[in-house]
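Residue-level structural notes
For reference, the chains in residue letters:
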Amino acid sequence: MSLKDKLVSSHIVFQESLDPDSPIYDVRNEAIKHFEEAGFPTKKDEAWKYTSLNKIIKPDYSIFPNGEAGLDYKDVKRYFLHSLDTYKIVFIDGVFSSHLSETTHAGIDVCTMRSALTKSKYKAVIDVYFNKIAPKESLISLNTAFAKEGAYINIPKNKVADKPIEIIHFSTGNEAATMLQPRNLVVAGENAEVQIIERHQSLTENPVLTNSVTEIFADKRANVDYYKIQNDTPEASLIDNTYVDQYDDTIVSVHTFSLGGKLTRNNLNFYQKGEHIDSILKGVTIIGEKQHVDHNTLVHHAQPNCESHQDYKGIYDDNSTGVFNGKVYVDKIAQKTNAYQSNNNILVDDKATINSKPQLEIFADDVRCSHGCTIGQLDESALFYLRSRGIPKKEARALLMYAFANTVLESVKIPQLKERITKQIANKLGVNVGFAL
Amino acid sequence: MLKVNNLRAGIEEKEILKGINLEIKAGEVHAIMGPNGSGKSTLSSVIAGKEEYEVLDGDILLNGESILEMDPEERAHEGVFLSFQYPVEIPGVTVTNFIKTAINESRKARGLEDMPASDMLKMIREKSELLEIDRKFLSRSLNEGFSGGEKKRNEIFQMAMLEPKLSILDETDSGLDIDALRIVANGVNKLRSEDNAVLVITHYQRLLEYIVPDVVHVLVDGKIVKTGGKELALELEEKGYDWIKAELA
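Residues numbered from 1 in each chain as written. Chains lettered and ligands numbered in written order. Predicted model: local features only at pLDDT ≥ 70, side-chain atom pairs only at ≥ 80, totals over all residues. Heavy atoms only, no water.

Two strands in a sheet stick together by hydrogen bonds in their backbones, pointing the same way (parallel) or opposite ways (antiparallel). Residues and elements named next belong to chain A. One open sheet holds the 10 strands; their spatial order is E2-E1-E5-E8-E10-E12-E14-E16-E18-E20, and the pairing between them is mixed. Two strands close off the open sheet at either side, each with one partner strand: strand E2 (95-96) and strand E20 (368-376). Both strand E5 (residues 165-171) and strand E8 (residues 193-202) contribute to a ladder of 7 bridges, which runs parallel. Paired with phenylalanine 170 across the two strands is glutamine 201, which belongs to E8. Together, strand E12 (251-260), strand E14 (278-287), strand E16 (307-316) and strand E18 (338-347) form the strand contacts of helix H8 (residues 393-409), whose direction differs from that of E16 by roughly 155°. (Pairing = 2+ DSSP bridges. Helix = DSSP H or I, 4+ residues; strand = E, 2+ residues; numbered from the N terminus. Contact = heavy atoms within 4.5 Å. Axes fitted to C-alpha atoms, helices over the stretch in contact; angles between N-to-C directions.)

Okay, here's the thing in structure tokens:
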């Protein structure tokens, strides 16, 4: 049976287990119908031209994985930002782990989507925000159809989350192949501030396919600082669908660090619905072997006087492939827009590939929009400079790659996280450059 | 210290150095002067081991041993230092971290442990004072946004830290105002000893007023056409390179 057929037939069983009074009962039904019509995207879809899901959807995934595996904190500590006090929302094979988590309801809500979808006190928020920005696309519909668990973060008006929030999804390899579909909702009220770190981590070599949807709402003057750590095992694939609605005077930034995994697709979409908004999208991709990372971004400037900044750096080794497809839409009324986009890539190996495609559609006449894309090798004269100082070739190359990625790293606002990622990048580059980077 | 025998080298089939002979003894300062395009920078790059140049014939010996087969980093470990005409910017790597890495990599190559942090700090303090370098400067990203003068001072600071046997200063005076020139030259002079040698490559005589050479060579069209004492530099300044070219013709 194909994965699509399996999902559609499993949904009938899933539906029977749900409360018909749930605020999203009908939403789920609509969604599975849409997925059944649309199916998985193929390379014929313009947005999936360079990324094929064919191989990824082959394994016989368990759609409702056995969620009874336990994990000891000491065994998975290294996946947490353990040097920092954080709230934690942790899932093991899709099931919430209260043991590994630290949630709160003190002034802010940091808890599970399951609670938000089933308890009446959250109904008002779910009615207003759930599935409101994510568009009607097949993978979104698929996630919506099965939505029951994930992170629910609600920072009300004038509240500031007192520490960063970590969202971690572990898969234990309990099943021969596991499919996970987390659904996250982040609501930041007026003047609210929150920092979030999200990662998906497989603990074995068994195939995992995660189709995640995150919706983020930033009300006036809110500030959301979001980090995605993608450093998974060679058999784990991730389709991350993130949608951001921004209102007046908000700053939302999303940093994506793609350092491992079989196939990673980031659909990152920003909708500017007010004035004086800043949207920041940054990413570092460092992959090798046959890994594949696809950044598909959209910034929709729909109001005047807003900015967007995109900076994506990629380093591709071996047979790895990268895709950057960055869309910027500037509506006719969105005058005085400043939109910047840059995508720089280094191909370390001749066999590595990058497909970079900036797409700017500008209907306003008084705007500043720039985009730049480079694909190249390491700068030979810089390499010679370092080597002439006695730094061996391998270390010199690593130092230059680090320097190349640094423009993205330096805007990470959580120092412990910055140090962590820096170390991961140094590891990834295969060197100890002899000093604290 | 350095012996260059009948060196012929070029890039992409184009011969630039057409038979260079040069001998620099320990304790000496030599200057190579010449018009643009004569091969001055090629000579410095070839000695330091830049891979895009191809050596067609001849040899380069450092203390009697050929360095032609060595990688640039191995030459550095043997004591060759090149002060670049255009130092490269490395964002995200501070001057201090860069120099620590360079020193410890050289020590590693010689089978030594990393330099103790306190010794390193002491040395950094001493050498930065020598070059009149501000402490804040040391925590900036290497060469990023540095003025021309800052870049060159930073080059000589690295030279001071690495304590090379043979230092090649490639157009170190370009882009320097008179104060920076004096600081840089003063730094180089203080680093001179009986055990090391300096090769100054320059278009103009100006720098040689401050770093006084023992021997001056004139390079024209890939060959050393004249060798003399420090007064040769003055003569060149006065008469220009056309005088030499005319003499050759």
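With that settled, consider the pairing of strand E1 (residues 87-92) of chain A. All names here are of chain A. For E1, the buried fraction is high: 6 of the 6 residues fall into the buried class. Side-chain alternation along E1 places Tyr87, Ile89 and Phe91 on one buried face and Lys88, Val90 and Ile92 on a second face that is also buried. Pairing of E1 with E5 involves 6 bridges; the strand directions are parallel. The residue bridging isoleucine 92 from the neighbouring strand is phenylalanine 170, located in E5. A loop of 2 residues connects E1 with E2, the two strands running antiparallel in sequence, and aspartate 93 in this loop sits at a positive phi of about 50°. (Buried < 20%, exposed > 50% of the residue type's maximum accessible area, 1.4 Å probe, protein only.)

Quick look at the pattern of salt bridges now. Inspection of the entire model under this criterion finds 34 salt bridges over all chains. Two residues, arginine 114 of chain A and glutamate 149 of chain A, come together in a salt bridge whose shortest N-O distance is 3.5 Å. Of this pair, arginine 114 of chain A sits in helix H4 (residues 113-118) while glutamate 149 of chain A is found in the loop between helix H6 (138-145) and strand E4 (151-155), placing the two residues 35 residues apart along the sequence. On the basis of relative accessible area, glutamate 149 of chain A is assigned to the buried category, the value being 7%. Residue glutamate 73 of chain B is joined to arginine 387 of chain A by a salt bridge in which the shortest nitrogen-to-oxygen separation is 2.6 Å. On the criterion of chain membership, the pair formed by glutamate 73 of chain B in helix H2 (residues 72-77) and arginine 387 of chain A in helix H7 (residues 380-387) is interchain, its members lying in two chains. The pair glutamate 73 of chain B / arginine 387 of chain A is uniform in exposure class, with both members buried. Connected through shared salt-bridge partners, Arg387 of chain A together with Glu51, Asp71 and Glu73 of chain B make up one network. (Salt bridge = Lys/Arg side-chain N within 4 Å of Asp/Glu carboxyl O.)

For the rest of this paragraph, the subject is unusual backbone geometry. Unusually for a residue other than glycine, aspartate 93 of chain A sits at a positive phi of about 50°. Owing to a relative accessible area of 2%, aspartate 93 of chain A belongs among the buried residues under this scheme. Phi angles above zero are rare outside glycine, and glutamate 171 of chain B is one such case at about 50°. Tracing the sequence through the fold places glutamate 171 of chain B in the loop between strand E9 (166-170) and helix H7 (178-191). A relative accessible area of 9% places glutamate 171 of chain B in the buried class.

So, on to the interface of chain B and chain A. Each partner contributes to the interface: chain B provides 32 residues, whereas chain A provides 21 residues. Carbon and sulfur atoms supply 64% of the area buried between chain B and chain A, which totals about 2,300 Å² over both sides. Counting across the interface, chain B meets chain A through 4 salt bridges. Summed over the shared surface of chain B and chain A, the number is 10 residue pairs in polar contact (both at pLDDT 80 or more). Elements supplying a minimum of two residues to the side of chain B that touches chain A: helix H1 (40-48), H2, strand E6 (80-83), strand E7 (90-94), helix H3 (95-109) and helix H6 (148-162) of chain B. Element by element, the count of residues in the side of chain B that touches chain A is highest for H3 of chain B, at 6 residues. When the residues that make up the side of chain B that touches chain A are grouped by side-chain class, the tally is 16 nonpolar, 10 polar and 6 charged. (Buried area = accessible area lost by both parts, 1.4 Å probe. Polar contact = N/O pair within 3.5 Å; in protein donor to acceptor, adjacent residues only side chain to side chain. Nonpolar A, V, L, I, M, F, W, Y, C, P; charged D, E, K, R; others polar.)

Residue and element names in this part refer to chain A. Considering all chains together, one arrives at 0 disulfides over all chains under this definition. Here cysteine 369 stays free of any disulfide, with the sulfur of cysteine 306 as its closest cysteine sulfur at 12 Å. Relative accessible area serves as the criterion here: at 24%, cysteine 369 is assigned to the partly exposed category. Unpaired in this structure, cysteine 373 has its nearest cysteine sulfur neighbour in cysteine 369, at a distance of 17 Å. (Disulfide = S-S within 2.5 Å.)

A word on the sheet that holds strand E1 (residues 2-11) of chain B. Residue and element names in this part refer to chain B. Sheet architecture is open: 4 strands sit in the order E2-E1-E4-E5, paired in antiparallel fashion. Each of the sheet's edge strands pairs with one partner strand only, and the pair in question is strand E2 (14-24) and strand E5 (65-66). Both E1 and E2 contribute to a ladder of 8 bridges, which runs antiparallel. Bridged to isoleucine 11 within E2 is lysine 14. Those strands touched by H1 are E1, E2 and strand E4 (54-62), and its axis lies near 70° from that of E2.

Turning next to the layout of surface pockets. Residues and elements named next belong to chain A. The space that makes up the largest pocket amounts to roughly 480 Å³. Lys55, Lys262, Leu263, Lys290 and His292 are the residues nearest the centre of the largest pocket, which is lined by 21 residues in total. Of all the secondary-structure elements, those providing two or more residues to the lining of the largest pocket are strand E17 (321-330) and strand E19 (353-362). Sort the elements by how many residues they give to the lining of the largest pocket and E17 lands first, with 3 residues. When the residues that make up the lining of the largest pocket are grouped by side-chain class, the tally is 5 nonpolar, 10 polar and 6 charged. (1 Å grid on protein atoms, 1.4 Å probe; cavity = no way out; pocket = protein on both sides within 12 Å on 5 of 7 lines; lining within 4 Å. Points joined across faces, edges and corners; volume = space filled by probe spheres on them.)

Residue and element names in this part refer to chain A. Domain annotation for chain A reports domain 1 (3-273) and domain 2 (378-437). Computed over C-alpha atoms only, the centres of domain 1 and domain 2 are separated by 32 Å. Between domain 1 and domain 2, the contact holds 19 residues from the first and 13 residues from the second. Roughly 1,300 Å² is buried in total at the junction of domain 1 and domain 2, and carbon and sulfur atoms are behind 64% of that figure. Inspection of the region where domain 1 meets domain 2 yields 0 salt bridges. Inspection of the region where domain 1 meets domain 2 yields 5 residue pairs in polar contact (both at pLDDT 80 or more). (Domains from an automatic or database assignment.)

For any two helices packed against each other, the geometry is given by the interaxial angle and the distance between the axes. Residues and elements named next belong to chain A. Direction vectors running N to C along helix H1 (residues 3-16) and helix H2 (residues 25-38) enclose 160°, while the axes themselves pass 10 Å from each other. Considered as vectors, H1 and H2 are oriented roughly antiparallel to each other. By crossing handedness, the relation of H1 to H2 is classed as left-handed. Here Lys4, Leu7, Val8, His11, Phe14 and Gln15 of H1 come into contact with H2, specifically with Tyr25, Arg28, Asn29, Ile32, Phe35 and Glu36. In terms of residue class, the contact of H1 with H2 is made up of 6 nonpolar, 3 polar and 3 charged. (Parallel < 35°, antiparallel > 145°, perpendicular 65-115°, else oblique. Left-handed = near helix turned anticlockwise from the far one by under 90°.)

Counting residues in each nonpolar core, the largest one holds 116 residues, and the members touching the most others are Phe257 and Leu417 of chain A together with Ile47, Phe157 and Val200 of chain B. Of the residues forming this core, the biggest block, 11 residues, is contributed by H8 of chain A. If you count residues domain by domain, this core takes at least three from each of domain 1 (3-273) and domain 2 (378-437) of chain A. Counting residues in hydrophobic clusters, the runner-up holds 30 residues, among them Ala151, Ile165, Ala192 and Ile196 of chain A. (Core = buried A, V, L, I, M, F, W, Y, C linked by side-chain atoms within 4.5 Å.)

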